[in-house]
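# Per-entry structural report
Now for the letters of each chain:
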Protein chains: 2
Amino acid sequence: MVKALMIGFGSVGQALARMAIRHEERLRARGFALCPVGVFTRTKGSRVCAEGLDLRAMLDDVETGGVFRGDCTALTPLEACRTLDYDVLIELSPLSVAHAGEPALSHIRAALARGRNAVTANKGPVAFAYPELAALARDNGAQLRFESTVMDGAPVFNLVQRCMKGNRITGFAGILNSTTNYILCRMEEGASLQEAVEEAVAAGVAEADPSNDIDGWDAAVKVSVLARVLLGADIGPLQVARGGIREMTQEAIQAAAAEGKRWKLVCRGWRENGAAHAAVALEKLDAAHLFAGLSAYDSALSIESDMMAPNCIVQKGPSPMDTAFGVLEDLLSL
Amino acid sequence: MVKALMIGFGSVGQALARMAIRHEERLRARGFALCPVGVFTRTKGSRVCAEGLDLRAMLDDVETGGVFRGDCTALTPLEACRTLDYDVLIELSPLSVAHAGEPALSHIRAALARGRNAVTANKGPVAFAYPELAALARDNGAQLRFESTVMDGAPVFNLVQRCMKGNRITGFAGILNSTTNYILCRMEEGASLQEAVEEAVAAGVAEADPSNDIDGWDAAVKVSVLARVLLGADIGPLQVARGGIREMTQEAIQAAAAEGKRWKLVCRGWRENGAAHAAVALEKLDAAHLFAGLSAYDSALSIESDMMAPNCIVQKGPSPMDTAFGVLEDLLSL
């Protein structure tokens, strides 16, 4: 029984709950059973129960009425992190660049300081404070895991750590923001930037306010996480050379197409003369480039190292289920 | 100190030796040092030394004269497997379909039966006898590792085992034979099949006798390994529905191009009505298909599971160094 404190119960939290219910037997065979002792949300209410909340009932509540039925707790999420009895904090709240990863950062800090493990799909805390959090985890005998922060549940950090032992990572390149990739693909089909953005929001690919995506913030935060963890670089989101797609026009799209090329928002990290660098920038890629072959719903990351040819992971059309799987993988790894 | 018995010292064995020398310090920091107590080859001679052979001198020998200098052992490789004192057998001999994985299969069987670990880049033994070898390893407290048998050192088996815990693999699809991929790409540029084959041999992509590649045998053996290990299927190389590229013509290549499509030799494994299936077949892929975007030197494998969107690994232009890294990863994992 893993006593979990969940913060956030949106699409990923609900997918995780469904996965834990659906695959209960299989997970139990691996020695894992999820026992949520607290679930905190901004808009659905928050519930606490030391014996374990009924995830099935909470999913039903959300599907039928949008909120949890029954008495809500008066605890704040931070108070819960500091006082409840749990084994692992599952941080699924949304990214906040403006608040430098808060309040998720404080939640994770509070858990690790008490020697509790933390699993996060929220990339903000890792991007803004990885060295501090890693030291805090180490000093308190706790673990911090974050496989879902980049490319949902597709193996990135686990891949490097577990399958590329002995390698030194020298750089990476990727298409890591789904919304801008979708928008650029729709613009190639003739949509204006504005139309493509509206479609992305309507399709649920982008959030209601897609500026985090369009201005490259989401990608920059991911690049920061990768640079910190894979390259050991001290590069926060604000230190990433950041570009977005706000200035992209039909003319530029068509001019590229006429050359047989495609615009993509490419994330890169590399070492040069001993220093690490990180950037998010529009690049006009040859049709033969692997990234140019990605469809509107795909992501990709190429990992360069000193002992191997680049290993590239391509994720075909992920859903919140994939992010939830990454969280589950982290939970199983604890 | 890991006492290793090496069988084979071709491009992969030499790359492994160079890697072990070049990264000696880094590997030692991970608790690993390679001590070759025997190196057996078909054409360069065979050497044995209980205190450890000098890899640097052996590389020099091969580079200067093509053969090992000094006294060669009278032991056969199989006798060495049965009698020498070693911790791990490193099997790097070439694939033999005609002899159902022999003699490598006997080498590995002999090592495992003595409770010695075995690492193989030769896919024959795993394809022809995985259930037997896995049982033999288990019963004798030994390990059999074979990351390099498919896609060189790119993570395939380790990825599934270490990064997709809890998932059930439902199928796979891949471009796994470099020679046929190179030939099809060259034919798209106008070469005849015969010309493309000769170029592939001249470029070192194909072996002197490329029929194992052209007739789909190499791919079928890889598909068998994947089907056995990932799907738990009892499918040997001869049970794979096998196609090749021998009948491919310029006309077919050009007709596909006119439709915006590309011919690729695709490897597949899947489950249907409870039974596992495996095939190697020419497929005419849409330009938008990920595999259609692969260049002449790339490989790819898409892994389908019941908890995630497909994870696809793309390997960009691997060399024998990549296969050697896969072997080294296996050695580090023991």
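About the criteria used
Residues numbered from 1 in each chain as written. Chains lettered and ligands numbered in written order. Predicted model: local features only at pLDDT ≥ 70, side-chain atom pairs only at ≥ 80, totals over all residues. Heavy atoms only, no water. Contact = heavy atoms within 4.5 Å. Buried area = accessible area lost by both parts, 1.4 Å probe. Salt bridge = Lys/Arg side-chain N within 4 Å of Asp/Glu carboxyl O. Least-squares fit on C-alpha atoms with pLDDT ≥ 70 in both. Phe/Tyr/Trp six-rings, centres within 6.5 Å; stacked < 30°, edge-to-face > 60°. Helix = DSSP H or I, 4+ residues; strand = E, 2+ residues; numbered from the N terminus. Buried < 20%, exposed > 50% of the residue type's maximum accessible area, 1.4 Å probe, protein only. Lys NZ or Arg CZ within 6 Å of the ring centre and 35° of its normal. Polar contact = N/O pair within 3.5 Å; in protein donor to acceptor, adjacent residues only side chain to side chain. Pairing = 2+ DSSP bridges.

So, about the interface of chain A and chain B. Between chain A and chain B, the contact holds 40 residues from the first and 40 residues from the second. A per-residue breakdown of the area chain A buries against chain B is headed by Arg26, Lys165 and Met307 of chain A, which together make up 21% of the total. Here chain A and chain B share four salt bridges between them. Residue Lys165 of chain B is joined to Glu329 of chain A by a salt bridge in which the shortest nitrogen-to-oxygen separation is 3.4 Å.

With an RMSD of 0.0 Å, the fit of chain A onto chain B corresponds to turning through 180° and sliding 0.0 Å along the axis. With respect to symmetry, the two chain copies, as superposed, fit the operation of a two-fold axis. Across chain A, the smallest distance between a C-alpha and the rotation axis is recorded for Ile313 of chain A, namely 2.4 Å. The overlap is high: 100% of the interface residues of chain A also sit at the interface in chain B, so the same surface is used on both sides.

Across all of its chains, the model carries eight aromatic pairs over all chains by this definition. Ring plane angle 70° and centroid distance 5.0 Å describe the contact between Phe146 of chain B and Phe157 of chain B, whose orientation is recorded as edge-to-face. In this pair, Phe146 of chain B sits in the loop between β6 (144-145) and α7 (157-163) while Phe157 of chain B sits in helix α7, placing the two residues 11 residues apart along the sequence. Residue classification places Phe146 of chain B among the buried residues on the basis of a relative accessible area of 8%. Ring pairing ties together the aromatic residues Tyr130, Phe146 and Phe157 of chain A, which thus form one cluster. If you follow Arg116 of chain A out to its NZ or CZ, it ends over the ring of Tyr86 of chain A, 5.5 Å from the centre.

Let's shift gears to helix α8 (residues 178-188) of chain B. The periodicity of an α-helix, 3.6 residues per turn, causes residues three or four places apart in sequence to face the same way. All names here are of chain B. Among the 11 residues of α8, nine are classified as buried, and the element is accordingly described as predominantly covered. Of the residues making up α8, those classed as buried are Thr179, Thr180, Asn181, Tyr182, Ile183, Leu184, Cys185, Arg186 and Met187. Check the buried side of α8 and you find it contacts β7 (169-175), α9 (193-202), α10 (211-214), α12 (250-258), β9 (261-272) and β10 (275-286). Near the N-terminus of α8, the side chain that reaches the backbone nitrogen of Thr179, with its oxygen 3.4 Å away, is that of Asn177. Downstream of α8 by one or two residues, Gly190 has phi in the positive range, about 115°.

A word on the pattern of salt bridges. All names here are of chain B. Applying the stated criterion across every chain yields a total of 46 salt bridges over all chains. For Glu199, the salt bridge is made with Arg186, and the minimal N-O distance between the two is 2.3 Å. Of this pair, Glu199 sits in helix α9 while Arg186 sits in helix α8; the two residues are 13 residues apart in sequence, bridging distant segments of the chain. For Arg228, the salt bridge goes to Asp234, with nearest N and O atoms at 2.9 Å.

A word on the pairing of strand β4 (residues 88-91) of chain A. Residues and elements named next belong to chain A. Here β4 shows a buried face lined by Val88 and Ile90 and a second buried face lined by Leu89 and Glu91. Where strand β1 (residues 2-7) meets β4, four bridges bridge the pair, whose relative direction is parallel. Its bridge partner lying in β4, Ile7 is registered against Glu91. Across four bridges, β4 lies against strand β5 (residues 117-120) in parallel orientation.

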